[in-house]
Amino acid sequence: MNGFDFGSFLVPVLVVGGLALFFGVILGLSARKFAVQADPNVERLIKVLPGVNCGGCGFPGCAGFAQGVVKGKATYNGCAPGGLETAQKIAQFMGVEATAESRKVAFVKCNGDCDAVKMNYIYDGPRSCVSAAQLATGGSKGCQYSCIGHGSCENICPFGAIDIVDTVAVINSEKCTACGKCVSVCPKNLIEIVPDSSKVRVACNSKDKGRTVRDNCRNGCIGCTICEKTCQDAAITVVDNLSRIDYEKCTQCKACVAKCPTKVIKVLS
């Protein structure tokens, strides 16, 4: 029986161990040489931001927005969830003066709940507005412009500011930060960002003619132009059969609300 040759066993072990040590040293030196040093200014800004990483600023999270500010690619008021207080802190960091801006919120331009709108069929599929919008008429409701009501916006909202009530998305303005995530996910382009202070709004997005609107939803805008003729401030115009409010001109006199025959113009509380 041959004896165990310890020398022949030790040599490859030492070779492998030596190579591992050599490459470990090389990697350590490389990591030190090519390491990206964290910008202390970016770190300071990250601590100022709310940390919700909603993406409403157009950057990949709060860290991306902070880098954008430092590089001059983002403005001090780009963080909607942070509000005026955060904007003031960022402006101070940038050496500029923050101006007080009107708080903004999301608004769903639809009043076609299950009692008002005509239903073409019963939808039985994935609870996704995007999926339902691919079907005939863009959903089960007769109005092709109406809220589908499957909650894609509700699910994506990081602040719990959206509820589905009677098949229509409703925004809780106290919780909403105007981050814009719901705007991008809505397949009907029903959600817009508006000044929170402007409570008079048109809850419809249909561009159909009046007769077609009446056939599908009793709460829709019929493009009658009564509101346009009633407004003394030229704040309302009817374009593509749909009333549109210029919030900068609107004095919220509510004359249009009183005259609207379908009550599609309403005052939000």
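Fair warning: this is a prediction, and the values are worked out from it, not measured in the lab. Once a new chain begins, its residue numbering starts again from 1 and follows that chain's sequence as written. Local features are withheld for residues below a pLDDT of 70 in this predicted model, meaning they are given only at 70 or higher, and side-chain atom pairs are given and counted only at 80 or more; totals for whole chains, interfaces and linings count all residues. Only hydrogens and water are removed before side-chain values are computed, so all heavy atoms of the structure are retained for them.

Runs of H or I in DSSP of at least four residues are treated as helices and runs of E of at least two as strands, each being numbered from the N terminus. Along the chain, the regular secondary structure elements total 10 helices and 8 strands. Relative accessibility under 20% of the residue-type maximum defines a buried residue, over 50% an exposed one, and the middle range a partly exposed one, all with a 1.4 Å probe and only protein chains included. Across the 269 residues of the chain, 37% fall into the buried class. For the chain, restricting intrachain contacts to residue pairs at least 6 apart in sequence, the fraction spanning at least 24 positions comes to 58%. Calculation of accessible area relied on Shrake-Rupley with a 1.4 Å probe; when residues are assessed, cover is drawn exclusively from the protein chains displayed. Of the roughly 15700 Å² of accessible surface on the chain, 55% is carried by carbon and sulfur atoms. By the convention used here, residues are in contact when the closest approach between their heavy atoms is within 4.5 Å.

So, about the nonpolar core. Looking at soluble globular proteins, one finds that nonpolar side chains tend to be buried together. One finds Ile162, Ile191, Val200, Ile245, Cys256 and Ile265 to be the most contacted residues of the largest nonpolar core, which totals 37 residues. At the level of elements, strand S1 (104-108), strand S3 (168-171), strand S4 (191-195), strand S5 (200-202), strand S7 (242-245) and helix H10 (255-259) are the ones that each hand at least two residues to this core. With 4 residues, the top contributor of residues to this core is S1. In this structure Cys256 touches Val200, Cys227, Thr230, Ile236 and Ile265, once residues within four positions along its chain are discounted. We define a nonpolar core as any set of buried Ala, Val, Leu, Ile, Met, Phe, Trp, Tyr and Cys residues linked to one another through side-chain atoms lying within 4.5 Å. The next biggest cluster of nonpolar side chains, apart from the first, holds 13 residues, and it includes Leu45, Phe65, Ala66 and Val69.

Moving on, we come to the packing of helix H2 (residues 40-48) against helix H4 (residues 83-94). At their nearest, the axes of H2 and H4 sit 10 Å apart, and the two run at 165 degrees to each other. The pairing of H2 with H4 is recorded here as roughly antiparallel in orientation. Helix-helix and strand crossings are classified by hand; for H2 and H4 the assignment is right-handed. Listed contacts from H4 to Asn41, Arg44, Leu45 and Val48 of H2 are Thr86, Lys89, Ile90 and Phe93. Residue classes in the contact of H2 with H4 are distributed as 4 nonpolar, 2 polar and 2 charged. Working convention: axes come from line fits to C-alpha atoms, limited for helices to the stretch in contact. Angles between N-to-C directions cover 0 to 180 degrees. Angle categories are assigned with fixed cut-offs, so that under 35 degrees is roughly parallel, over 145 is roughly antiparallel, 65 to 115 is roughly perpendicular, and the rest are oblique. Handedness of a helix crossing follows the sense of rotation of the near helix relative to the far helix, less than a right angle counterclockwise being left-handed and clockwise being right-handed. Lys, Arg, Asp and Glu make up the charged group, whereas Ala, Val, Leu, Ile, Met, Phe, Trp, Tyr, Cys and Pro make up the nonpolar group; the residues left over, Gly among them, are polar.

As a further point, take the layout of surface pockets. Method remark: on a 1 Å grid restricted to protein atoms, a set of points is classed as a cavity if a 1.4 Å probe fits but cannot get out and as a pocket if it is open with protein on both sides within 12 Å along at least five of seven lines; lining residues have an atom within 4 Å of a point. Grid points are joined across faces, edges and corners, and a volume is the space filled by probe spheres set on the points. Roughly 440 Å³ of volume is contained in the largest pocket. Around the largest pocket, the lining comprises 19 residues; the ones closest to its centre are Ala80, Gly83, Ser102, Arg103 and Lys104. Broken down by element, the lining of the largest pocket gets its largest block of residues, 3 residues, from H4. Looking at the lining of the largest pocket residue by residue, the class counts come to 10 nonpolar, 6 polar and 3 charged.

Helix span, as expected, comes to 1.5 Å for every residue beyond the first. The terminal C-alpha atoms of H4 lie 17 Å apart, and with 12 residues this matches the ideal 16 Å at 1.5 Å per residue to within 8%. Of the residues making up H4, those classed as buried are Thr86, Ala87, Ile90 and Ala91. The arc enclosing the buried residues of H4, seen along the axis, measures out at 135 degrees, which places them on a common side. For H4, the exposed residues lying more than 90 degrees away from the buried face are Glu85 and Gln92. Tucked into the core, H4 has its buried residues touching H2 and helix H3 (61-70). This arc is taken over the directions from the axis of the helix to the C-beta atoms.

For the rest of this paragraph, the subject is the state of the cysteines. Throughout, disulfides are identified as pairs of cysteine sulfur atoms within 2.5 Å of each other. Scanning the entire structure with this criterion turns up 0 disulfides. The thiol of Cys217 is unpaired, and the distance to the nearest cysteine sulfur, on Cys143, comes to 6.3 Å. The buried category is assigned to Cys217, whose relative accessible area is 9%. No disulfide involves Cys224; its sulfur sits 6.0 Å from that of Cys227, the nearest cysteine.

Our focus in this paragraph is H3. Counting buried residues along H3, 7 of its 10 residues qualify, which places the element largely inside the surrounding structure. For H3, every residue scored as buried is listed here: Gly61, Cys62, Gly64, Phe65, Ala66, Gly68 and Val69. The secondary structure elements touched by the buried residues of H3 are H2 and H4. Positive backbone phi, at 80 degrees, marks Gly72, one or two positions downstream of H3.

Another point: the pairing of strand S2 (residues 162-165). Sheet analysis places S2 next to S3, joined by 4 bridges and oriented antiparallel. Following the sheet pairing, Asp163 is matched in S3 by Val170. Note on pairing: DSSP must find at least two bridges between two strands before they are called paired.

With that out of the way, let us pick up the environment of Ala258. With respect to the element layout, Ala258 can be found in helix H10. For Ala258, a relative accessible area of 58% puts it in the exposed group. Considering only alpha carbons, one finds Ala258 and Cys227, 31 residues apart in sequence, at a separation of 9.0 Å.

Next up on the list: the packing of H2 against H3. Following both chains from N to C, one finds H2 and H3 inclined at 125 degrees, their axes separated by 9 Å at the closest point. The angle between H2 and H3 falls in the class oblique. Crossing handedness for the pair H2 and H3: right-handed. Two secondary-structure elements touch here, H2 through Asn41, Val42, Leu45 and Ile46 and H3 through Ala63, Ala66, Gln67, Val69 and Val70. Tallied by class, the residues present in the contact of H2 with H3 amount to 7 nonpolar, 2 polar and no charged.

This is a description of form; function is not addressed.
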